[in-house]
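What follows is the residue order along each chain.
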Amino acid sequence: MTTTLTKPPADATPEPPKNGRRRLGTKASRAGGQHHAGPVAYIILAVFTLVSVFPLFWTAVAASRDNARLAETPPPFWFGANLFDKLEVAWEDANLGEAFLNTTIVAGISSLTIVFLSTIAGFAFAKLRFRGRGALMLIVIGTMMVPPQLQVIPLYMMVAKLDWTDQLQAVILPSLVSAFGVFFMRQYLIQALPDEIIEAARVDGASSWRVIWHVVFPAARPAMAVLGMLMFVQTWNDFLWPFLVLTQLGNPTVQVAVAGLGRGYTPDQALIMAGALLSTLPLLLVFAIFGKQIVGGIMQGAVKG
Amino acid sequence: MSPPHDTAAAPPAKEGGAAPARPPVESPETLRKRARLSRRWQRDVRWSPYAFVSPFFLLFVAFGMFPLIYTAWASLHTVELTAPTDMEWAGLRNYTRIFDDEFYWNAAKNTFTIGIISTVPQLMMALGIAHLLNYKLRASNFFRVVMLAPYATSIAAATLVFVLLFGRDYGMINWFLGLFGVDNIDWQNDKWYAQMAVSSIVIWRWTGYNALIYLAAMQAIPQDLYESAALDGASRWKQFLHVTLPSLRPTILFTVVVSTIGASQLFAEPLMFDANKGASGGPQHQFQTLGLYMYEQGWVNQHLGRASAIAWTMFLILIVVGIINYVISRRLRASS
């Protein structure tokens, strides 16, 4: 948060140190943050942290064991020797190389497109005046409520008619727009882009596209990055539509491929865990690096306008 | 949603040519040029907003709106998956048929109970965690990021892991409960336990996300509200009840709506929680949701028309939920 902004210069007026700290604290922290967390709070949070992380950790543990060990009580809590073997087998069995490539293509194309289209549309809704703006924005918000189940049947019919089943464009095309994205960028640009800057660019004779390239995109960069990551996570994890439309195992996404690992009468549990781990690893990596920004982005998008 | 802020209601754009006192030294040539530029500029201002929003709407109409309406049309026909373009008019038969279908009602009931037992604890825990995260906290960013880790996990991966954790004979959860003398629970075949297990996957994945949304809203509450409440002698608990909760009402309603939508669409969790990975939601359909039932009708039994009818009933249920929410929020606003 912005506590650093209120740090006093070193030669600040001599005040009783304790008093000064406390006063700063209340000023710096926002609502409700005036109390320090007690030990109970830390314990509860630690428990929730454990619950959040344990299944992920244990996925790796289970992937490193063999099935006989997994079928014992108590179950293993620490790594065995098989992790890399199992990862390798899972990689080959589920054809994960191709699946990773496909999912990266799908998630990459759709998140980039969503970010671009959401930024220009969000800018128009946030800062430009045009007839029908309010009504169109209501439609955008309303579409966030439509369940995807309503769309999959006709989409499936369209795709079948175009002979696109088991092809990546069938997954990519419907995921190129996001109502949430438009809403998110609009919220951000309302606050982050002062009207004066646009007007100044206008007075200098810039066309709308120049304004977009030279004013809006630079100003929106942080939000674009966060939206891009959120959309990447979402498309990477998408299951229903790829599952329906990529039915032949030759060309699936990671999620469909990993789901396929669980089939069969005597499934190899350690192998399944290895696949689950592999499918999640790239996103966990993204979170490890950009976690703070993603958290900030979700919280930013949550504050209603 | 509250009406959009009218930040863009800026004064009318200043037009270049309208400057009042211009020295009259310019040739007619430059004046014409200026007029032409100004016209182009006006056209740009007038039409570019539509250019900026139209790609979204074009794609949305093709892949969002058209399918929505077409589903309604398809639900009035007999359509088979094997020949999706051969449609035979059926009137309301698909609807009357599903209303007489015990599996439809079973799925509706399951969706409802799983929705309740996944949404209510999830949002309440999220509220509590957000409250804790709102204290002055060491390593607050660490807690926030870590609690979001489940959100990064895909449904497929999470469900596979939970299936193993919920195993009857060697699962870790039964082992843990066994430490307290609880007998092994058959999480997959017992109706209530299976529904709880499916709900726990949802709770695990979404609690941290919702906590962050609540935290954001809590940080937007003005500090003076707490100060004056403290002056009036309100305890921290009273402050939470009488300041935090009322201020969060719009956010809470928002998350309720979003979680309800999510719960009504539950599909991949029950699909993959089934030991046979079938669409029936367990051998006795004990955790088959509407989403799963729609899939079973459409893609297993190949009746796309019937599946469309199920999809539309799901949408209608959501509309009803939306209206109830709207009424509640209006009542609450009126009473405060």
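Residues numbered from 1 in each chain as written. Chains lettered and ligands numbered in written order. Predicted model: local features only at pLDDT ≥ 70, side-chain atom pairs only at ≥ 80, totals over all residues. Heavy atoms only, no water.

What about the overall build of chain A?
Point 1. Of regular secondary structure, chain A possesses 14 helices and 0 strands.
Point 2. Reading the helices (α) and strands (β) of chain A from amino to carboxyl end gives α-α-α-α-α-α-α-α-α-α-α-α-α-α.
Point 3. Buried residues in chain A amount to 51% of all 305 residues.
Point 4. Long-range contacts, defined here as pairs at least 24 residues apart, represent 70% of the contacts in chain A between residues at least 6 apart. (Helix = DSSP H or I, 4+ residues; strand = E, 2+ residues; numbered from the N terminus. Buried < 20%, exposed > 50% of the residue type's maximum accessible area, 1.4 Å probe, protein only. Contact = heavy atoms within 4.5 Å.)

Considering the packing of helix α5 (residues 96-127) of chain A against helix α1 (residues 28-74) of chain B
Point 1. Running from N to C, α5(A) and α1(B) cross one another at 130°; their axes reach a closest spacing of 8 Å. One finds that α5(A) runs oblique with respect to α1(B). The element α5(A) and its partner α1(B) pack so that their crossing is left-handed. Contact residues: L117(A), I120(A), A121(A), F123(A), A124(A) and F125(A) in α5(A); P49(B), F52(B), V53(B), P55(B), F57(B) and L59(B) in α1(B).
Point 2. The residue inventory of the contact of α5(A) with α1(B), partitioned by class, reads 12 nonpolar, no polar and no charged. (Axes fitted to C-alpha atoms, helices over the stretch in contact; angles between N-to-C directions. Parallel < 35°, antiparallel > 145°, perpendicular 65-115°, else oblique. Left-handed = near helix turned anticlockwise from the far one by under 90°. Nonpolar A, V, L, I, M, F, W, Y, C, P; charged D, E, K, R; others polar.)

A word on the packing of helix α10 (residues 236-264) of chain B against helix α13 (residues 304-335) of chain B
All names here are of chain B.
Point 1. The N-to-C vectors of α10 and α13 enclose an angle of 170°; their axes lie 11 Å apart at closest approach. Considered as vectors, α10 and α13 are oriented roughly antiparallel to each other. From α10, R249, L253, V256, V257, T260, I261 and S264 reach across to α13, where they touch M314, L318, V321, N325, S329 and L332.
Point 2. Taken together, the residues of the contact of α10 with α13 sort by class into 8 nonpolar, 4 polar and 1 charged.

Regarding the side chain of S110(A)
Point 1. Following the sequence through the fold, S110(A) ends up in helix α5.
Point 2. Excluding anything up to four places from it in sequence, S110(A) contacts S175(A), L176(A) and T235(A).

Re the interface of chain B and chain A
Point 1. Residue-level contacts link 107 residues of chain B with 119 residues of chain A.
Point 2. Summed over the shared surface of chain B and chain A, the result is 1 salt bridge.
Point 3. Its salt-bridge partner being R202(A), residue D44(B) comes within 3.3 Å of it at the nearest N-O pair.
Point 4. Between the two partners, chain B and chain A, sit 9 residue pairs in polar contact (both at pLDDT 80 or more).
Point 5. Residues that form the side of chain B that touches chain A fall into these classes: 80 nonpolar, 17 polar and 10 charged. (Salt bridge = Lys/Arg side-chain N within 4 Å of Asp/Glu carboxyl O. Polar contact = N/O pair within 3.5 Å; in protein donor to acceptor, adjacent residues only side chain to side chain.)

Points about the packing of aromatic side chains
Point 1. Enumeration over the complete set of coordinates arrives at 42 aromatic pairs over all chains.
Point 2. Arranged with centres 5.6 Å apart and planes meeting at 50°, the rings of F243(A) and Y295(B) form a pair that is tilted. With F243(A) in helix α12 (residues 240-245) and Y295(B) in helix α12 (residues 290-300), this pair bridges two chains.
Point 3. Accessibility expressed as a relative area gives 13% for Y295(B), which makes it buried.
Point 4. Aromatic pair W312(B) and F315(B): ring centres 5.3 Å apart, planes at 80°, arrangement edge-to-face. Highlighted residues: W312(B) and F315(B), both in helix α13, separated by 3 residues, approximately one helical turn. Each member of the pair, W312(B) together with F315(B), is buried.
Point 5. Joined through ring pairs, the aromatic side chains of F162(B), F166(B), W187(B), Y193(B), W204(B), F273(B) and F287(B) make up one cluster. (Phe/Tyr/Trp six-rings, centres within 6.5 Å; stacked < 30°, edge-to-face > 60°.)

Some remarks on empty space enclosed by the protein
Point 1. Evaluated as defined, the whole model comprises 5 cavities of 30 Å³ or more.
Point 2. A volume near 70 Å³ is recorded for the second largest cavity.
Point 3. Taken together, P55(A), L56(A), T59(A), A276(A), L277(A), T280(A), T153(B), A157(B), A158(B), V161(B), F162(B) and W204(B) make up the lining of the second largest cavity.
Point 4. Secondary structure elements with two or more residues in the lining of the second largest cavity: α2 (39-63) and α14 (269-302) of chain A together with α6 (155-165) of chain B.
Point 5. When residues in the lining of the second largest cavity are grouped by element, the largest group, 4 residues, is from α6(B). (1 Å grid on protein atoms, 1.4 Å probe; cavity = no way out; pocket = protein on both sides within 12 Å on 5 of 7 lines; lining within 4 Å. Points joined across faces, edges and corners; volume = space filled by probe spheres on them.)

Describing the pairing of strand β1 (residues 77-80) of chain B
Residues and elements named next belong to chain B.
Point 1. The side-chain alternation of β1 yields one buried face, formed by H77 and V79, and one unburied face, formed by T78 and E80.
Point 2. Inspection of the sheet shows β1 paired to strand β2 (residues 83-89) by 3 bridges, in the antiparallel sense. Its bridge partner lying in β2, T78 is registered against E88.
Point 3. A loop of 2 residues connects β1 with β2, the two strands running antiparallel in sequence. (Pairing = 2+ DSSP bridges.)

With respect to a negative patch on the surface
All names here are of chain A.
Point 1. Residues D85, E88, E92 and D93 make up a contiguous surface patch of negative charge.
Point 2. Positionally, E88 belongs in helix α4 (residues 83-93).
Point 3. Residue E88 is classed as exposed on the basis of its relative accessible area, which comes to 52%. (Patch = residues over 30% accessible without salt bridge, like charges linked within 9 Å, V, L, I, M, F, W, Y side chains within 5 Å. Areas by Shrake-Rupley, 256 points an atom, 1.4 Å probe, with all protein chains shown as cover. Lys, Arg positive; Asp, Glu negative; His and termini not counted. Charge placed at Lys NZ, Arg CZ, Asp CG, Glu CD.)

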